[in-house]
Amino acid sequence: MNAFEVNALKPALIWTDNLTLDKQFLILGKGFPMPQDVVNALKLWNFSQVYCEGSIDDGTSDKDIINRDTDDIIFETQQEEDAKARERMEKASELDNSLKEATKLIQTLNTESSRLEMTHKVYKNYSDYIESLYTRYATHKEIDKEQLSKVVQELISFVRENRRFILRVNPKEKQNDKKFLVNHAMRSTIIALTIGIRLRMQFTQLVELGQACVLHEIGMLRLPPQLYITDKKLQPQEKAKLASHPILGYELLKDAGFTLPIQRAVLEHHEKENGSGYPRHITSEDISTYAKIISVACAFEAITAPRHYRSARPKYEAMLEILRNLNKQYDENVIKALLYSFSIFPIGVYVYLANGKIAQITDTKPDDPRHPIAQILGEKAADGDPRTVETDEGSNKVVRVLNQQEVADVLKSLGIEED
């Protein structure tokens, strides 16, 4: 690992490998020119060195190249830029086509396990896309709006058709901190679209909601990562800087030409119904519908996803916390849509039934969030799929939710891999 002095960095330098901070956090991807604002941020936050497995890409491995003036750096020719643009378009087209094909293919699969397996693959494809979008903005300050719109449209269709499968995809306990924003954006978007579909929003509104939710934390990319990936208590000045990310996100989306509803959703996603949110402390009547939905989706995601400083809490606890709605932070209609989309015992949780059987909640009843559909572990139906039952107030009543250790023990005993 080679170390480079921050004070000697120049804008537009290109590296032969990923450039990292503290030998861990990614600053700049391989082959991308160093932006001036990244240099400025590193100096502002008093970092002394950055690290790279490679060197500066000018045809030599001599570190002294770092002291050359920007004017001496050889920039790519227009032909090279055009070639890269074509490559990006081809990759975007391949992604769009692969998602469309996966969406069609999953409808032809006739077993529960095969559809769930395909859902995991599709979920990863969407997550990879969001990672590429964030990386592209971080390195080139570019967002392909047309591609984002197409991907969100495909995602909406996928969520509509496979809600009961995609809501069972759970984050793993050991997540890569560097992908925190990507994981959060992906999970929050799935939840937000599920709520929007339940609220019977028009398709064009769902597309705007999905784009806003994918991008709602992109303002974070203008802040040092140690502000949002840390287990240390932030100082008041640091908290204030972190709280500026909705404004930063709003400004960059405004500059990129996104619609006003998308801009507002990003600006207001941390506002609360009671006026206790930020950055403008506005109340219910002034908060956009998209922002209200993203606020609830983010809250549910934040409770149920693992963080580098704590483990995930159960979905059942998250649902109860949202339903309590202490101090009236969230919109009641959005909360109701969340409840009816997930049920009181959310899709994906494992439960103990009154008849002594263990089951996983796999679907909801449209008009009865108290009694979801449960899949009995270790039992098969006539078609070979796991046996499902409608929970009720009798022998199939949900007695309690299993804790994490109980789930792990039960699945291990049955030889089942957790979703």
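The structure we're discussing is the one just above.
The following refers to the structure shown. (Residues numbered from 1 in each chain as written. Predicted model: local features only at pLDDT ≥ 70, side-chain atom pairs only at ≥ 80, totals over all residues. Heavy atoms only, no water.)

1. Brief notes about the environment of Glu406
- Tracing the backbone through its elements, the reader meets Glu406 in helix α13 (residues 404-414).
- Linking Glu406 and Tyr350, residues 56 residues apart in sequence, is a C-alpha distance of 9.2 Å.
- Engagement of the side chain of Glu406 in a polar contact is seen with the side chain of Arg400, the distance being 2.9 Å. (Helix = DSSP H or I, 4+ residues; strand = E, 2+ residues; numbered from the N terminus. Polar contact = N/O pair within 3.5 Å; in protein donor to acceptor, adjacent residues only side chain to side chain.)

2. Focus on the sheet that holds strand β6 (residues 358-365)
- Here 5 strands make up an open sheet; going across it, the order is β8-β7-β6-β5-β9 and the pairing antiparallel. One side of each edge strand has no neighbouring strand; the edge strands of this open sheet are β8 (386-390) and β9 (398-401). Within this sheet the neighbouring strands show an average axis-to-axis angle of 45°, counted without direction. (Pairing = 2+ DSSP bridges. Axes fitted to C-alpha atoms, helices over the stretch in contact; angles between N-to-C directions.)

3. As for the pairing of β6
- Most of β6 sits inside the fold, with 8 of its 8 residues counted as buried.
- Pairing between strand β5 (residues 350-353) and β6: 3 bridges, direction antiparallel. Residue pairing for β6: Tyr352 is matched across the bridge by Ile358.
- Taking the residues between adjacent antiparallel strands as the criterion, β5 and β6 are bridged by 4 residues, where Gly356 takes a positive phi near 90°.
- As judged from the 5 bridges shared by β6 and strand β7 (residues 368-380), these two strands associate in the antiparallel manner. Of the residues in β7, the one forming a bridge with Lys365 is Asp368.
- Hairpin connection between β6 and β7: a loop of 2 residues separates the two successive antiparallel strands. (Buried < 20%, exposed > 50% of the residue type's maximum accessible area, 1.4 Å probe, protein only.)

4. Some thoughts on the state of the cysteines
- Scanning the entire structure with this criterion turns up 0 disulfides.
- Note on Cys213: no disulfide assigned, nearest cysteine sulfur contributed by Cys298 at a separation of 5.4 Å. (Disulfide = S-S within 2.5 Å.)

5. Brief notes about the packing of aromatic side chains
- The full count for this structure, using the stated rule, is 3 aromatic pairs.
- An angle of 55° between the planes, with centres 6.5 Å apart, marks the rings of Tyr126 and Phe158 as tilted. Of this pair, Tyr126 sits in helix α3 (residues 112-140) while Phe158 is found in helix α4 (residues 145-166), placing the two residues 32 residues apart along the sequence. In this structure, Tyr126 and Phe158 share a single accessibility class: buried.
- Ring geometry for Phe300 against Phe342: centres 5.1 Å apart, planes inclined by 50°, an arrangement best described as tilted. Within this pair, whereas Phe300 is found in helix α10 (residues 289-304), its partner Phe342 is found in helix α12 (residues 332-342), the two being separated by 42 residues in sequence. (Phe/Tyr/Trp six-rings, centres within 6.5 Å; stacked < 30°, edge-to-face > 60°.)

6. Topic: the nonpolar core
- Judged by nonpolar contacts, the single largest core of 87 residues is most densely connected at Leu215, Ile322 and Leu338.
- With 10 residues, the single largest contributor to this core is helix α5 (residues 180-198).
- Phe4, Leu13, Leu21 and Leu28 belong to the second largest nonpolar core, which has 17 residues in total. (Core = buried A, V, L, I, M, F, W, Y, C linked by side-chain atoms within 4.5 Å.)

7. A closer look at the pattern of salt bridges
- Applying the stated criterion across every chain yields a total of 19 salt bridges.
- Arg187 is the salt-bridge partner of Glu301, the closest N and O atoms lying 3.1 Å from each other. Taken together, the residues span a long stretch of sequence, with Glu301 in helix α10 and Arg187 in helix α5 at a distance of 114 residues.
- Residue classification places Glu301 among the buried positions, given a relative accessible area of 1%.
- Judged by its relative accessible area of 8%, Arg187 falls in the buried class.
- With a shortest N-O distance of 3.1 Å, Arg264 and Glu268 are connected by a salt bridge. With Arg264 and Glu268 both in helix α9 (residues 260-268) and 4 residues apart, the pair spans about one turn of that helix. (Salt bridge = Lys/Arg side-chain N within 4 Å of Asp/Glu carboxyl O.)

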